[in-house]
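The primary structure of each chain is shown beneath.
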Amino acid sequence: MANKKERAGNIFCHIYLIILSAAAFFPLVWVLLCSVKSSGELTSEPTRFLPKQFTFDNFAHVIRDLGFAGNIGNSLIIAVTTTCIAIVISSMAAYGIVRFFPKLGSAMSKVLVTTYMFPPILLAIPYSMVMARLGLVNTRIGLMIVYLSFSVPYAVWMLVGFFKTVPIGIEEAARVDGANKLQTFVQIVLPLVMPGIVATAIYTFINAWNEFLYSLILINSTDKMTVSVALKSLQGAEILNWGDMMAASALVVVPSVVFFMFIQNKIAGGMTQGAVK
């Protein structure tokens, strides 16, 4: 009797999860199917699920004529650079907090994460004024600095938990073998916390890739525009071309979804290993 109830419960859970997955996956499928429809078909039969004829004219128009490939390149440059700098700074800061300030480490990491208490729109005007004084408005460097001000504190807070899992005895053994502090940190400690660094880097990259508000405020040149703002600009056109909108959305979303599918195990493993008893 118990086995039957357990089997029925498992079947119900699987059906429930399948329905939720289908509901979550349907918008992406709809965007992909609409992106390969012709403009006439999207206008005449907007609710038709499968296209009558597959065409990639929308992708060609978005990439070649609208310059969306350049916007993707801008987002890649900004997101990758922000992620690399944030990981280098936050890994050293988190290690310093754990090893050199063990008593104040927990309080310091909590103070750092309080930067997320402020809504982004509240800091939009101060950031704009500072960037204008520094002459960094409409520059990728200025946008990276803004992103780093949010990414580094959160990355430090996340990595503190990972560095706490490294036994101090391993570092002492390396020092006895002749390794200096830098060699111990790079060759011994960092490989042990690599799952956490990967998870933090992915989180930082996704945040920088999807950010919209500060990119809209600080960047006003089309050739430096990121994908989030470029996608919004298509919606603000005088005549909205749904084919271009769907194709551009597919170019932005699909690579992120595929990338996340490949690295989701590393994210889950990194988050699990970062739990400190």
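Conventions adopted
Residues numbered from 1 in each chain as written. Predicted model: local features only at pLDDT ≥ 70, side-chain atom pairs only at ≥ 80, totals over all residues. Heavy atoms only, no water. Helix = DSSP H or I, 4+ residues; strand = E, 2+ residues; numbered from the N terminus. Buried < 20%, exposed > 50% of the residue type's maximum accessible area, 1.4 Å probe, protein only. Contact = heavy atoms within 4.5 Å. Areas by Shrake-Rupley, 256 points an atom, 1.4 Å probe, with all protein chains shown as cover. Core = buried A, V, L, I, M, F, W, Y, C linked by side-chain atoms within 4.5 Å. UniProt positions renumbered as here; feature names shortened; annotations may be inferred. Axes fitted to C-alpha atoms, helices over the stretch in contact; angles between N-to-C directions. Parallel < 35°, antiparallel > 145°, perpendicular 65-115°, else oblique. Patch = residues over 30% accessible without salt bridge, like charges linked within 9 Å, V, L, I, M, F, W, Y side chains within 5 Å. Salt bridge = Lys/Arg side-chain N within 4 Å of Asp/Glu carboxyl O. Phe/Tyr/Trp six-rings, centres within 6.5 Å; stacked < 30°, edge-to-face > 60°. Lys NZ or Arg CZ within 6 Å of the ring centre and 35° of its normal.

Here we come to the overall build of the protein chain. Along the protein chain, the regular secondary structure elements total 13 helices and zero strands. Helices and strands in the protein chain line up, N terminus first, as α-α-α-α-α-α-α-α-α-α-α-α-α. Sorting the 277 residues of the protein chain into buried and exposed places 38% on the buried side. Expressed as a percentage of contacts within the protein chain between residues at least 6 apart in sequence, the contacts between residues at least 24 apart total 71%. For the protein chain, the computed accessible surface area is about 16,500 Å², with 70% contributed by carbon and sulfur atoms.

This next bit is on the nonpolar core. Counting residues in each nonpolar core, the largest one holds 37 residues, and the members touching the most others are F68, L143, V146 and Y214. Considering every element that reaches this core, the biggest residue donor is helix α13 (residues 242-273), with six residues. Contacts of Y214, omitting those with residues within four sequence positions, involve P120, L123, A124, Y127, L143, V146, Y147, F150 and I219. The next biggest cluster of nonpolar side chains, apart from the first, holds 20 residues, and it includes I87, Y95, L148 and V152.

As a further point, take the UniProt feature "transmembrane region" (unreviewed entry) in the protein chain. UniProt records the feature "transmembrane region" (unreviewed entry) at residues 12-33, 76-98, 110-129, 141-163, 184-206 and 245-263, using the numbering of this structure. Taken end to end, residues 12-33 is 100% helix and 0% strand, and its two terminal C-alpha atoms sit 31 Å from one another. End-to-end, the C-alpha atoms of residues 76-98 are 32 Å apart, and along that stretch the chain is 100% helix and 0% strand.

Another point: the packing of helix α4 (residues 68-100) against helix α9 (residues 181-192). The interhelical angle for the contact between α4 and α9, taken along N-to-C directions, is 90°, at an axis separation of 12 Å. For the element pair α4 / α9, the angle class is roughly perpendicular. When α4 is examined against α9, the residues S91, M92 and Y95 are found in contact with a partner set consisting of F185, V189 and L190.

A contiguous nonpolar surface patch, about 450 Å² in accessible area, is contributed by F12, Y16, L17 and L20. The residue Y16 is located in helix α1 (residues 2-35) in this model.

A word on the packing of aromatic side chains. Each aromatic ring pair is specified by the distance between its two centres and by the angle formed by the two planes. Under the counting rule described, the total for this entry stands at 13 aromatic pairs. When the ring of Y154 is compared with that of W157, the centres are 5.5 Å apart and the planes differ by 45°; the resulting orientation is tilted. In this pair, Y154 and W157 are both assigned in helix α7 (residues 140-163), three residues apart and thus about one turn of the helix distant. The partly exposed category is assigned to W157, whose relative accessible area is 38%. Through successive ring pairs, a cluster of aromatic residues spans Y95, F100, F163 and F185. Sitting over the face of the ring of W30, K37 holds its NZ or CZ atom 5.1 Å from the ring centroid.

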